[in-house]
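# Coordinate inspection notes
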Amino acid sequence: QVQLVESGGGFVQAGKSLSLSCAASGSIASSNTMGWYRQAPGKQRELVADMTSGGRTNYIDSVKGRFTISRDNAKNTVYLQMNTLKPEDTAVYYCNVRFRYMPERVYWGQGTQVTVSS
């Protein structure tokens, strides 16, 4: 089994920063992609950023230049540094891991609330 444990989130004013962490445990294949998704009330869950074990990154356009995804492969941990937060970033953020050779297996963290006030 695979488990994802998230840390971070909280309440901040616009323009401030938050950092999220997610540690995966269990049967983690070395070839994988870890990422962050978010879902605001009444909206679809969307990819924010992800990163392969090989170091390739992908960001949604609205966070480019503000958010940075990173990971520590040895710890199976992914991070999301969120700078210059905007009220539109308010959402529940979910950590995710998927595997190159097991695309049917997708695992999610419990979600952590990020609230940005204006």
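Here we summarise the structure given alongside this text. Just so you know, these numbers come straight off a predicted model, no measurement behind them.

### Overview of the pairing of strand β4 (residues 32-39)
Among the eight residues of β4, seven are classified as buried, and the element is accordingly described as predominantly covered. Both β4 and strand β9 (residues 91-99) contribute to a ladder of eight bridges, which runs antiparallel. Residue pairing across strands places Gly-35 opposite Asn-96, the latter belonging to β9. Taking the residues that link successive antiparallel strands as the turn, the β4-strand β5 (residues 46-52) hairpin has six residues, and the phi of Gly-42 there is positive, at about 80 degrees.

### Thoughts on the nonpolar core
Counting 29 residues, the largest nonpolar core has Trp-36, Val-48, Phe-67, Ile-69, Leu-80, Met-82 and Tyr-93 as its most contacted members. Taken together, the elements giving at least two residues each to this core come down to β1 (2-7), β3 (18-26), β4, β5, β7 (67-72), β8 (77-82), β9 and β11 (112-117). It is β9 that contributes the most residues to this core, five residues altogether.

### A look at the pattern of salt bridges
The full count for this structure, using the stated rule, is five salt bridges. A salt bridge links Arg-38 to Asp-89; its shortest N-O distance comes to 3.0 Å. One end of the pair, Arg-38, is in strand β4; the other, Asp-89, is in the loop between β8 and β9, with 51 residues separating them in the sequence. For Arg-38, a relative accessible area of 5% puts it in the buried group. In this structure Asp-89 comes out as buried when scored by relative accessible area, which is 0%.

Rules used throughout
- Residues numbered from 1 in each chain as written.
- Predicted model: local features only at pLDDT ≥ 70, side-chain atom pairs only at ≥ 80, totals over all residues.
- Heavy atoms only, no water.
- Buried < 20%, exposed > 50% of the residue type's maximum accessible area, 1.4 Å probe, protein only.
- Helix = DSSP H or I, 4+ residues; strand = E, 2+ residues; numbered from the N terminus.
- Pairing = 2+ DSSP bridges.
- Core = buried A, V, L, I, M, F, W, Y, C linked by side-chain atoms within 4.5 Å.
- Salt bridge = Lys/Arg side-chain N within 4 Å of Asp/Glu carboxyl O.

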